Amino acid sequence: MQTLMLIALGLISGTAVIAGAVGLALHPPAIFRKPLLADALERADHALGDAVMYTGTDEGGGGEIHS
């Protein structure tokens, strides 16, 4: 009789563990989720302050010589 109770308890607890693992895999807590967009920085970005931007088109073909 004790064996049947232990088997039933094992089946119930095993099912609960599997259901919990599937639930966590489908709907992870917010701490494990990757944020979709990062928050904006509160400071000015001066990383590219001395960079030169080139916005024109290269009509010459990139320095190629066509004969």
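Residues numbered from 1 in each chain as written. Predicted model: local features only at pLDDT ≥ 70, side-chain atom pairs only at ≥ 80, totals over all residues. Heavy atoms only, no water.

A. Quick peek at the overall build of the chain. A tally of helices and strands in the chain yields one helix and zero strands. Burial analysis of the chain (67 residues in total) assigns 0% to the buried set. (Helix = DSSP H or I, 4+ residues; strand = E, 2+ residues; numbered from the N terminus. Buried < 20%, exposed > 50% of the residue type's maximum accessible area, 1.4 Å probe, protein only.)

B. Here's a closer look at helix H1 (residues 2–26). Between its terminal C-alpha atoms H1 stretches 36 Å, which fits the 36 Å expected from 25 residues at 1.5 Å a residue. When you tally the buried positions in H1, you get zero out of 25 residues, a small fraction of the element. (Expected span 1.5 Å × (residues − 1).)

C. Just a nonpolar patch on the surface, in detail. Together, Met1, Leu4, Ile7 and Leu11 give the surface a local cluster of nonpolar side chains, amounting to about 500 Å² of exposed area. The residue Met1 is located in the segment before H1 in this model. (Patch = residues over 30% accessible without salt bridge, like charges linked within 9 Å, V, L, I, M, F, W, Y side chains within 5 Å. Areas by Shrake-Rupley, 256 points an atom, 1.4 Å probe, with all protein chains shown as cover. Salt bridge = Lys/Arg side-chain N within 4 Å of Asp/Glu carboxyl O.)

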